[in-house]
Amino acid sequence: MKLDVKRIHTGNAKWSLLFTVLLLGLPLIFSTNNYLLSTLIMVGFYTIVSTGLTLLMGYAGQISLGQAAFYGIGAYTSAYLTAHAGVSSWLAMAAGAAIAAMVALIVGIPAFRLREHYLALATLGFGIIVFTFFKEWKGITGGLNGFFGIPPIQLFGFPLQTDFQFYYLVWIFALIGVLFARNIVRSRVGRALLSIHGSEIAANSLGVNITKYKLQIFMISAVYASVAGSLYAHYVTFINPDLFGIVPSIYFLIMVVIGGTGNVWGGLIGAAVYVCLGELLKEMVPMFIPNAGGEFEIVFFGLLLVIILIYMPNGLSHSLSKVLKRVSSTSRHRKEPILVAENENAGSVGGEH
Amino acid sequence: MKKSVLLEIEQLSKSFGGVHAVQNVSFCVRDQEIVAIIGPNGAGKTTLFNIVTGILPPTSGSVLFKGMPVTGKKPYQLAALGITRTFQNLQVFTNMTVIENVMVGMHTRLKTGIFSAGFRLPQVFKEEKQALKQAMACLEQVGIAHLAFEKADILPYGTQRLVEIARAAASQPSLILLDEPMAGLNPQESKKLVDVLLAMRNNGMTFLFVEHDMETVMAIADRVIVLDYGKKIAEGCPEEITQHPDVIKAYLGEEEGASC
Amino acid sequence: MDGWSQFVQLLFSGLTVGSIYALVALGFVITYSVTGILNLAQGDFAMLGALLCITFVNSGIPFVIAILLSVVAVMAVGGLFERLAIHPARNSSIATLIIITIGAAFVFRGIAIFIWGTQPYALRPFTGNHSLNVVGAVIQTQNLWAIALSLVSFIALYIFFNKTYIGKAVTACVVNPFAARLMGIEPRKMSLGAVAVSAGLGALAGIVIAPVSGASYDMGVMIGLKAFIAAVIGGLTNAPAAIAGAFIIGILEAFTEGYLSSGYKDAISFGLLLLVLFFMPNGIFAKMSGKRV
């Protein structure tokens, strides 16, 4: 039997590549369909956030109910620095990421001494406090009226303003994010994260510095969220605190749960399902219930969340990777049994068992 | 020939409130030795074990490892120094394959950090390859290399314990602490584990273990430490221990004429 | 208004809100103690109770019966929630269960939007629009109702858990589920009862506060979260401490609103939550001896 690193991570490189090509080719075909492009751009933002959150929740098993706070930190830092301080958008994005990482570190040090319920509560409280600052720190954030006139992002002196351009920008970031996450997962660090999820006491006794890894991955997930927030701010040019409150945090959580927590593509799948389902509901619900507002969609997401957690605790990515594996194995008639794919059962969401 | 002292426990005490769980216990473990800690329930074995493994801080006394004080070091720091352990209630990572479990065990031997991993620097790939090879060797050592790519949670109990031992040995530590290694194993599995432990010792490993199963203790221990009510009441080779009047008393009570 | 009367005014408003938080927090404590689940949908029981009661009253049902009906209805909803969402996932990880309750909260909110829309509703005070004058402060009778009803509930629960057979059985399950099972008590059945009782308490809280602050589909979020803080401050399994925590939060908020600014009210409550979690994770009333290994 040949010993090959690929045997531990029988990822579906072929499918990933195919998917990437499709994704990057799509705008060339539908370059005039702004609805499609803007929807997919939203998927891109959410993919970045939820991929980071997947690393934290799915691999390290730590829950965060305040991820939108980091999304907001990125958005407001970029907005303020580019609109009021004339800083370059890239520098502002980096500043946002640095602030988010610092905040994650400061909050993480006491928070990750807590577990389960208490960690969930602490991150929730953190999210609400940051949200309050977005609302009340009117000099910088514009308060509840929102922040207007965020300049477009510049690339080599050219502003990126059309959906077509922004699509590539956001998806290059998203794919790099997924790749980065995949690389982390397939390494000593990824195993350390999984081991924390599996059994903290055993991980500790084998030399894994649990606190360090929890903090590192929390900071990484904060940077993911912050970068997505910066891009988002430049895309919509107007932001307000409600975009970064506790409900968006929960939507990010929903994306991670839908996508599945044990697969780096889970964040993307979750984001896509979330955005598409949201759009679909916006179309469908008024047909059946004429006077229901947009808020009505939450009932569907609530139900989806409960049903997935009860009946499909590994999320859609798990089921999808099984299907893909079956497809590729029958097409090639392999004799060798298909070996376990990338930690597909990284377990249910977060927490200890 | 006397081997060099690896682990030295000096005047170790631990009390919880008014309860003295461990009182002034001293002993040492030498290189390539297998030392067993035994004693009736509530004798303080687990507390002692938890202090040595860094889970509990002692009230007083010290633990020296290779002559260095390691008292109060955290488990992950001890692992880096060369002390690892297994668990009475299995703590196999059920969310990984067997080989990945063992590769976690190599954590302290590998270097990849979060950024070099994320950017997949060339040395990461090399390290992964190396790690895989060594992990496989560890599995061969305990005789379960053929199960390397199975999910750890589908294996039988006894095999999971072997995974834990391979995992604990993966970082090539100087000392492995075993917490009731025979607990929950059937006789066949126990026998296999005894063989594995003896073979590992012959390859240079040192073990300190807590055990209830006297048969195993007699079979593999070079020396036995007996605790009762938190105190060390006897120490010696297995034959001496079975003859020791205090030990007989501790296990069988005060009754006259009791014998094993 | 002079300083003293403002103080009394704020104190009463804090006590009113505190008693609402206390009722919901008790629900948290009961559910958590019996099932080990932190039910983030707890606040939405208050919302359902308030809106149901308003609907019943508006359709001409006498006030007292409307209150009872809505409490019972919400208890049924709570029981249904336990059977459909909690029970099937009872062996999942704690994080999964927390997220399930978040999902359930969304569902409750969505159903409320479906039935009542997003506009706020008002409920008339229990006993007319009277008010008392205490050293210059104007105290609505509804505030007194809130405080009194929550006190009655605490006493009733105390008697239930300490004097009745079922109550003692529940307590036994909390203290030692294994021994309880040996005694013929089925802990799992208790889970259903605990969630239902918690739902009823939540509903009562919502009904009591509706005449003071109105009722709308999203009123449960903040009530739930604040009650949560109260429960955590108390240590999650200690009912009297949770009640005390609820009054602390209520009064703190009233004074923050009165003397500082209403905007930072939430930040202060949650800041307190973080302080307690980080520095006194067993609650502020726990003895410092508790060891966490």
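Cut-offs and rules
- Residues numbered from 1 in each chain as written.
- Chains lettered and ligands numbered in written order.
- Predicted model: local features only at pLDDT ≥ 70, side-chain atom pairs only at ≥ 80, totals over all residues.
- Heavy atoms only, no water.
- Patch = residues over 30% accessible without salt bridge, like charges linked within 9 Å, V, L, I, M, F, W, Y side chains within 5 Å.
- Areas by Shrake-Rupley, 256 points an atom, 1.4 Å probe, with all protein chains shown as cover.
- Salt bridge = Lys/Arg side-chain N within 4 Å of Asp/Glu carboxyl O.
- Helix = DSSP H or I, 4+ residues; strand = E, 2+ residues; numbered from the N terminus.
- Buried < 20%, exposed > 50% of the residue type's maximum accessible area, 1.4 Å probe, protein only.
- pLDDT = per-residue confidence, 0-100.
- Contact = heavy atoms within 4.5 Å.
- Pairing = 2+ DSSP bridges.
- Axes fitted to C-alpha atoms, helices over the stretch in contact; angles between N-to-C directions.
- UniProt positions renumbered as here; feature names shortened; annotations may be inferred.
- Domains from an automatic or database assignment.
- Buried area = accessible area lost by both parts, 1.4 Å probe.
- Polar contact = N/O pair within 3.5 Å; in protein donor to acceptor, adjacent residues only side chain to side chain.
- Nonpolar A, V, L, I, M, F, W, Y, C, P; charged D, E, K, R; others polar.

Undergrad: How should I be thinking about a nonpolar patch on the surface in this particular structure?
TA: Residue and element names in this part refer to chain C. A cluster of nonpolar side chains, contributed by Trp4, Phe7, Leu132, Val134, Val135, Leu252, Tyr259, Leu260 and Ile268, occupies part of the molecular surface with about 820 Å² of accessible area. Structurally, the position occupied by tyrosine 259 is in helix α10 (residues 239-259). Looking at tyrosine 259, the relative accessible area reads 45%, which means it is partly exposed.

Undergrad: Please explain the confidence of the model for chain A as it appears in this structure.
TA: In regions of low pLDDT, the predicted coordinates are not meant to be interpreted in detail. Residues and elements named next belong to chain A. When pLDDT is averaged along chain A, the result is 85; 87% of the residues meet or exceed 70. Mean pLDDT across the elements of chain A bottoms out in helix α14 (residues 315-332) (73) and peaks in helix α10 (residues 210-236) (96). Here residues 333-353 is modelled with pLDDT under 50, and outside its nearest four sequence neighbours on either side it reaches 75 contacts, counting other chains as well.

Undergrad: Looking at this structure, how should I read the sheet that holds strand β6 (residues 83-85) of chain B?
TA: Residue and element names in this part refer to chain B. The sheet built from six strands is open, its strands ordered β6-β7-β8-β3-β9-β10 with mixed pairing. Two strands bound the open sheet, and with one partner strand each, they are β6 and β10 (231-236). Each adjacent strand pair in this sheet contributes to an overall mean axis angle of 20°, direction not counted. Two strands pair when backbone bridges link them, and β6 and strand β7 (residues 175-179) are joined in this way by three bridges, in the parallel orientation.

Undergrad: Looking at this model, I keep getting lost on the UniProt feature "transmembrane region" (unreviewed entry) in chain A. Mind explaining?
TA: As annotated in UniProt, the feature "transmembrane region" (unreviewed entry) corresponds to residues 12-30, 36-56, 91-111, 118-134, 166-185, 217-238, 250-277 and 298-316 of chain A in the numbering used here. Between the end C-alpha atoms of residues 36-56 of chain A there is a gap of 30 Å, over a span that is 100% helix and 0% strand.

Undergrad: I tried to follow the domain arrangement of chain B on my own but got confused; where do I start?
TA: Size of an interface, as often reported, equals the accessible area lost when the parts are brought together. Residue and element names in this part refer to chain B. Here chain B is described as being made up of domain 1 (1-82 + 173-260) and domain 2 (95-166). Centre-to-centre, using C-alpha coordinates, domain 1 lies 28 Å away from domain 2. Counting residues at the interface gives 16 residues for domain 1 and ten residues for domain 2. Taken together, both faces of the contact between domain 1 and domain 2 bury some 980 Å²; the carbon and sulfur share is 66%. Among the residues of domain 1 in contact with domain 2, Lys192, Val196 and Met200 are the three that bury the most area, contributing 35% of the side total. Inspection of the region where domain 1 meets domain 2 yields zero salt bridges. Remark: the boundary between domain 1 and domain 2 carries three residue pairs in polar contact (both at pLDDT 80 or more). Those elements that provide at least two residues to the side of domain 1 that touches domain 2 are α2 (75-81) and α7 (187-202). Class assignment of the residues belonging to the side of domain 1 that touches domain 2 gives a composition of eleven nonpolar, two polar and three charged.

Undergrad: Can you help me understand the environment of Gly250(C) in this one?
TA: Inspection of the secondary structure puts Gly250(C) in helix α10. Discounting residues that sit within four places of it in the chain, Gly250(C) has contacts with Gly14(C), Gly18(C) and Tyr21(C).

Undergrad: Looking at this structure, I do not really get the environment of Asn50(B). What am I missing?
TA: Residue and element names in this part refer to chain B. Inspection of the secondary structure assignment puts asparagine 50 in helix α1 (residues 45-52). Of the residues examined, asparagine 50 reaches a relative accessible area of 17% and is grouped as buried. A C-alpha to C-alpha distance of 9.8 Å links asparagine 50 and proline 75, two positions 25 residues apart in sequence.

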